[in-house]
Amino acid sequence: MASDYPYPLCGGCDCGTLRYRLETKPLFVHCCHCRWCQRETGASFALNALIEAQRVTLISGEPEIVDTPSASGKGQKIARCPKCRIAVWSNYSGAGPVLRFVRVGTLDEPDHLPPDIHIYTSTKQPWIILPPGVPAVPEYYDRKKYWPAESLARREALLAKQSSRA
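Nothing here was measured: the structure is a model prediction, and the numbers come from that model.

Turning to the sheet that holds strand β2 (residues 19-22), a few remarks are in order. Taken in spatial order, the three strands line up as β1-β2-β5 in an open sheet, and their pairing is antiparallel. Each edge of the sheet is formed by a strand with only one pairing partner; in this case those strands are β1 (9-12) and β5 (56-60). Each neighbouring strand pair of the sheet contributes to a mean axis angle of 30 degrees, computed without reference to strand direction. Taken together, the four bridges between β1 and β2 define a ladder with antiparallel strand orientation. Bridge assignment links Gly 11 to a residue of β2, and that residue is Tyr 20.

Spelled out as structure tokens, the structure:
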């Protein structure tokens, strides 16, 4: 679970053009081992903090939004620095623009957001050893089973607000 480190947490790209701030603890942190995340990151997994877009403050710069395909077929919008091209967050079509998947590695202090769950472990690299005590599932999961009550309530409030605007 995300540490009780005092928020906000700041982050940004490599060149410093983009800077952002997480105003509160995220809803949940995924360590995704799917082949799509492996390909997109060029690494063995992606570590994403799910958080409401309104709780992410852009401090400087303006990200370039790149539409990319996704395993669901619905695509995602990746926010990248227009100068150094580092991806700082994504918005998946299923959740729309109101929920960001912030790349934990772009935080100044990423140590504060270890994974709450490992997902798509059926396609993880075989040499990765998952830590004991952290949930791991072969594909996706039922959020009601794993998310804290506070995060579920925040998500419900976000969805209610989004549906009232529709």
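This next bit is on the layout of surface pockets. In this structure, the largest pocket encloses a volume near 750 Å³. Along the wall of the largest pocket there are 34 residues; nearest its centre are His 30, Tyr 92, Phe 101, Tyr 120 and Tyr 140. When residues of the lining of the largest pocket are traced back to their parent elements, those giving at least two are β3 (28-32), α1 (35-41), β4 (46-52), β9 (99-103) and α3 (149-165). Looking at the lining of the largest pocket residue by residue, the classes come out as 18 nonpolar, 10 polar and six charged. The computed volume of the second largest pocket comes to approximately 300 Å³.

Here seven strands make up an open sheet; going across it, the order is β6-β7-β8-β9-β4-β3-β10 and the pairing mixed. Each having just a single partner strand, β6 (64-68) and β10 (117-119) make up the two edges of the open sheet. With direction set aside, neighbouring strand axes in the sheet form an average angle of 30 degrees. Inspection of the sheet shows strand β7 (residues 76-80) paired to strand β8 (residues 87-92) by five bridges, in the antiparallel sense.

Another aspect to go through is the environment of Asp 67. Positionally, Asp 67 belongs in strand β6. Residues Asp 67 and Tyr 92, spaced 25 residues apart in sequence, show a C-alpha to C-alpha distance of 9.8 Å. What Asp 67 contacts, discounting residues up to four positions off in sequence, is Gln 76 and Lys 77. For Asp 67, the side chain forms a polar contact with the side chain of Lys 77, separated by 2.7 Å.

Thresholds applied
Positions within a chain are numbered from 1, following the residues in the order the chain's sequence is written. Since the coordinates come from a predicted model, pLDDT governs what is reported: local features require at least 70, and pairs of side-chain atoms require 80 or more to be given and counted, while whole-chain, interface and lining totals use all residues. The basis for every side-chain value is the complete set of non-hydrogen atoms in the structure, without hydrogens or water. DSSP bridges decide pairing: two strands pair if at least two such bridges lie between them. Put simply, DSSP H or I for four residues or longer makes a helix, DSSP E for two residues or longer makes a strand, and each gets a number counted from the N terminus. Geometry is summarised by axes, namely lines fitted to C-alpha atoms with helices restricted to the contacting stretch, and by angles between N-to-C directions that run from 0 to 180 degrees. For each structure, a 1 Å grid was placed over the protein atoms alone; sets of points admitting a 1.4 Å probe that cannot get out are labelled cavities, open sets with protein on both sides within 12 Å along at least five of seven lines are labelled pockets, and lining residues have an atom within 4 Å of a point. Grid points are joined across faces, edges and corners, and a volume is the space filled by probe spheres set on the points. Charged residues are taken to be Asp, Glu, Lys and Arg, nonpolar residues to be Ala, Val, Leu, Ile, Met, Phe, Trp, Tyr, Cys and Pro, and polar residues to be all remaining types, Gly included. Every residue pair with non-hydrogen atoms within 4.5 Å of one another is taken to be in contact. Each polar contact in these results corresponds to two N or O atoms within 3.5 Å; when the atoms are within protein, one needs to be able to donate a hydrogen and the other to accept it, and residues that are neighboring in sequence are counted only if both atoms are side-chain atoms.

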